[in-house]
Protein chains: 2
Amino acid sequence: MSGEFERIAVIRRLAGRHGRGVVLGIGDDAALLASRPGYDTAISSDLLVEGVHFRLDWATPEQIGYKAVAVSLSDMAAMGAEPFAAVIGLAMPTTLGDEFIEAFYRGATALANRHGTTIVGGDLSRSPSTIVIDSVLVGHVPEGGALRRDRARSGQDIYVSGELGTSAFGFARLQSSNEDDLASFASEAAVRTHLLPEPRVEIGRALVARSLATAAIDVSDGLSSDLRHLCEASDVGAILDAATIPAPAGLELALHGGEQYELLFTADPERRSEVAALGAETGVPITRIGRLDYTVVGVWLETEGTRARLEPSGYDHFRSTSPAVDPTSR
Amino acid sequence: MSGEFERIAVIRRLAGRHGRGVVLGIGDDAALLASRPGYDTAISSDLLVEGVHFRLDWATPEQIGYKAVAVSLSDMAAMGAEPFAAVIGLAMPTTLGDEFIEAFYRGATALANRHGTTIVGGDLSRSPSTIVIDSVLVGHVPEGGALRRDRARSGQDIYVSGELGTSAFGFARLQSSNEDDLASFASEAAVRTHLLPEPRVEIGRALVARSLATAAIDVSDGLSSDLRHLCEASDVGAILDAATIPAPAGLELALHGGEQYELLFTADPERRSEVAALGAETGVPITRIGRLDYTVVGVWLETEGTRARLEPSGYDHFRSTSPAVDPTSR
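Calculation notes
- Residues numbered from 1 in each chain as written.
- Chains lettered and ligands numbered in written order.
- Predicted model: local features only at pLDDT ≥ 70, side-chain atom pairs only at ≥ 80, totals over all residues.
- Helix = DSSP H or I, 4+ residues; strand = E, 2+ residues; numbered from the N terminus.
- Contact = placed C-beta atoms within 7 Å.
- pLDDT = per-residue confidence, 0-100.
- Axes fitted to C-alpha atoms, helices over the stretch in contact; angles between N-to-C directions.
- Parallel < 35°, antiparallel > 145°, perpendicular 65-115°, else oblique.
- Left-handed = near helix turned anticlockwise from the far one by under 90°.
- Nonpolar A, V, L, I, M, F, W, Y, C, P; charged D, E, K, R; others polar.
- Pairing = 2+ DSSP bridges.
- Domains from an automatic or database assignment.
- Least-squares fit on C-alpha atoms with pLDDT ≥ 70 in both.
- Buried ≥ 20, exposed ≤ 12 C-beta atoms within 10 Å, placed from the backbone.

A. Summary view of the environment of A:P197. Residue and element names in this part refer to chain A. Assignment of secondary structure puts P197 in the loop between α6 (185-195) and α7 (201-209). Each C-alpha atom of the pair P197 and S211 lies 26 Å from the other, and the pair is 14 residues apart in sequence. Setting aside residues no more than four positions away along its own chain, P197 makes contact with K67, A70, S167, E259, Q260 and Y261.

B. Quick peek at the confidence of the model for chain A. Residues and elements named next belong to chain A. Per-residue pLDDT for chain A averages 90, and the proportion of residues at 70 or more is 92%. Here residues 317-330 is modelled with pLDDT under 50, and outside its nearest four sequence neighbours on either side it reaches 44 contacts, counting other chains as well. Model confidence for the complex: the whole-complex pTM is 0.92, and ipTM, which rates the interface, is 0.91.

C. Representation of the packing of helix α2 (residues 61-79) of chain B against helix α3 (residues 97-114) of chain B within the structure. Residue and element names in this part refer to chain B. With their axes 7 Å apart at the nearest point, α2 and α3 run at an angle of 40° to one another. Comparing the axis directions of α2 and α3 gives the class oblique. Relative to α3, the crossing made by α2 is right-handed. Where α2 approaches α3, its residues P61, E62, Q63, I64, G65, Y66, A68, V69 and A70 are matched on the opposing element by F100, A103, F104, Y105, R106, G107, A108, A110, L111 and A112. Of the residues belonging to the contact of α2 with α3, the class tally is 14 nonpolar, three polar and two charged.

D. Structural context of the interface of chain A and chain B. Of the residues lining the interface, 60 residues belong to chain A; the matching set on chain B comes to 61 residues. Of all the elements in the fold, those that place two or more residues in the side of chain A that touches chain B are β1 (22-24), β2 (31-33), β3 (39-49), α2 (61-79), β4 (82-92), β5 (118-126), β6 (132-142) and β8 (215-218) of chain A. With ten residues, the single largest contributor to the side of chain A that touches chain B is β3(A). Here β3(A) pairs with strand β2 (residues 31-33) of chain B via three bridges, running antiparallel.

E. Geometry of the domain arrangement of chain A. All names here are of chain A. Considered domain by domain, chain A is made up of domain 1 (4-142) and domain 2 (157-309). Taken together, the contact between domain 1 and domain 2 spans 20 residues of the former and 18 residues of the latter. Secondary structure elements with two or more residues in the side of domain 1 that touches domain 2: α2, β4 and β6. Residue composition of the side of domain 1 that touches domain 2, grouped by class: 13 nonpolar, four polar and three charged.

F. Representation of the relation of the copies chain A and chain B within the structure. Between the two copies, chain A and chain B, the superposition gives an RMSD of 0.0 Å; the rotation angle is 180° and the shift along the axis is 0.0 Å. Taken together, the rotation angle and the small translation identify this as a two-fold axis. Relative to the rotation axis, the C-alpha of A:P37 is the closest in chain A, positioned 2.8 Å from it. Most of the interface of chain A is mirrored in chain B: 100% of its interface residues are interface residues there too.

G. Representation of the sheet that holds β2(B). In space, the six strands of this open sheet follow the order β5(A)-β4(A)-β6(A)-β3(A)-β2(B)-β1(B), with mixed pairing throughout. The two strands at the open ends of the sheet, each matched to only one other strand, are β5 of chain A together with β1 (22-24) of chain B. Direction aside, neighbouring strands of the sheet carry axes that sit 20° apart on average. As defined by bridge partners, β4(A) adjoins β6(A) across nine bridges and the pair is classed as antiparallel. Pairing of A:L90 across the sheet is with A:I133, part of β6(A).

H. A look at unusual backbone geometry. All names here are of chain A. Positive phi, normally seen in glycine, also occurs at S211, with a value near 50°. Tracing the sequence through the fold places S211 in the loop between α7 and β8. Since 13 C-beta atoms lie within 10 Å of it, S211 is described here as partly exposed. At D235, a position not held by glycine, the phi torsion is positive, near 55°. Positionally, D235 belongs in the loop between α8 (223-234) and β9 (237-241). Of the residues examined, D235 has 12 C-beta atoms within 10 Å and is grouped as exposed.

Right, dumping it as structure tokens:
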């Protein structure tokens, strides 16, 4: 294995030239970011733990690097922020060697650069057995314009980008030992969604630029859990229309499957045509799936006229006793 | 064990009210920090891995939380930045329970608050076996004023704050099974330095405010390694005067022992009285230990008129095969 300097040199080379907003990147005690008057700085952190969030026999090092950045970019999307800098910590067993580090950062920088984001720093350490990654993203959002969770109001519509449950379906296929399952085209696409989710950064930024959304959250734990988070933060209830939920892999996975990284947001009913226009522009379907209602407590699901309370079944990292990766593990 | 919401509520309560610079703290997809025109934003990350950087039988959860924040505050000090926000990721086995989380964040917030720093976010995850912490600190430094490593010039003096080697001595005492060693006062103080290092934030900020230093780095890997980092970044050599190095635990530990978190900086010879005044003001000794010299390559040590090349023997996380904590492990 090479020395610390050589490893840092490799990461520096992969990180490339400083993008906008970056004064000083990898190589000093800290990175330096330029101030941007009129903008708040959004900062988020996501841990990815081997055996909890990913497995080496399912994902390549590049895919793990990609996903580490993707989940944090999704946090930026959920705030409506424009990401520009990333700080990535990587603790791993020495047995994995330099090849893992280089491939991991190649995957991470590929996605970061696609979103105008420079990897400006981080830390490397050996770990006795488990790979642990911390992915920290930094972005800018116009002062006072961020998409918070606590600004949704009764009477507003609930929207979701893309489709729900595909990632969980892909995860189930990875767990399945049936090769026929994996060979089908639908499985392949779902596995891809699970391993390489597409953060909705562009949609989040457009929602802020047009002041379209009142609140937003990304669907990391699952619709039932994340909508509840938003409702609790905003002190309002929600009623979902089951027939409208984009659920190609079935309603159950769409309601409770995690790691989809779609945007869940709320908007005033007068803005419906503008929301539809945004979907058309970005090429990503945006679907109205329900409404906020102060007369109910929690999240309810309407199916053919019948209303039932939707209990969250999102994943809790500390309760689970599963030894492997969980489909709803974020 | 309690649920995710209860755990986050505990951390939120410990984090306290938002300090200056913080628009939105724990609880949304990302935290929001206010812009500060005329200032760059410094951001640093440090991983702390169980069995590599700390051991549960040597340190309490509070001490681990303290140290996680201390090592990143030391990075802020080395840039001359004013820290104001922290993002702490914690991956840990579920067997440790809520008590560990609460005590860890109690230790982390205690030190953070002492330095005007709010914990604004992070992530919690279970880990199959090993505790892994990522400590990310954010600070402000006047535009163009940061203490970089690459601005030192030949003819300038080399200074160090506090004393060197004490932390390594404390670590050696923790490894020793001799109870008599641990009972002595000097051992106790050294163990305290090892477990609860004091980041030199005040000195770093004063160096920037007075434009006193030309370059700086913190002594995390050890004097021989960190001075070499600074010399290589600045493309200059260094000559240390052995007799002047503050080494209460012996020269060997002072030269090569890590985790001391003192500030190593360079300054023009005309500023000697101002540097001395800063030491007197802060109550922390600041000692001139050598000079930069373009006629030598690397770091040299002068002892009673004899000059010998000082090879770095700082710790490399990936080369070590030690199963336990290493004295020079940062």
